[in-house]
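Reading the structure
Residues per chain are reported as follows:
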Amino acid sequence: MIFRSIDWLQGDPAYVFFPGITIFALVLAFNLFGDALRDALDPKSSR
């Protein structure tokens, strides 16, 4: 989706901005979920 929107970047930057923010939010959510899962399942960790 981001690659296909490069041609439209000059006219409307939202075509790149919103899919990029969505991908960023998904990666951040999975990262936070993984950290929480590790903390819940490994009580001996130093965190």
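Bear in mind the structure is a predicted one, so any value in this text is a computation, not a measurement. All residue numbers refer to positions counted from 1 along the written sequence of the respective chain. This being a predicted model, a pLDDT of at least 70 is required before a residue's local features are given, and a value of 80 or more before pairs of side-chain atoms are given or counted; all residues contribute to the totals for chains, interfaces and linings. Note that the side-chain values use all heavy atoms of the structure and ignore hydrogens as well as water.

Turning our eyes to something else, we now look at the packing of aromatic side chains. Here is the rule: rings of Phe, Tyr and Trp (six-membered ring for Trp) pair when centre to centre is within 6.5 Å. Planes less than 30 degrees apart are stacked, more than 60 are edge-to-face, and the remainder are tilted. Taken as a whole and judged by the stated rule, the model has 1 aromatic pair. Plain terms: the ring middles of phenylalanine 17 and phenylalanine 18 are 5.3 Å apart, the flat faces sit at 70° to each other, and that makes the pair edge-to-face. When accessible area is computed with a 1.4 Å probe and restricted to protein chains, residues below 20% of their type maximum are described as buried, those above 50% as exposed, and intermediate ones as partly exposed. The exposure class of phenylalanine 18 is exposed, given its relative accessible area of 51%.

Let's shift gears to the UniProt feature "transmembrane region" (unreviewed entry) in the protein. UniProt positions are given in the numbering used here, feature names are shortened, and annotations may be inferred rather than shown by experiment. The UniProt record annotates "transmembrane region" (unreviewed entry) at residues 15-37. Where helices and strands are cited, they refer to DSSP runs of H or I of at least four residues and of E of at least two residues respectively, numbered from the N terminus. Taken end to end, residues 15-37 is 100% helix and 0% strand, and its first and last C-alpha atoms sit 34 Å apart.

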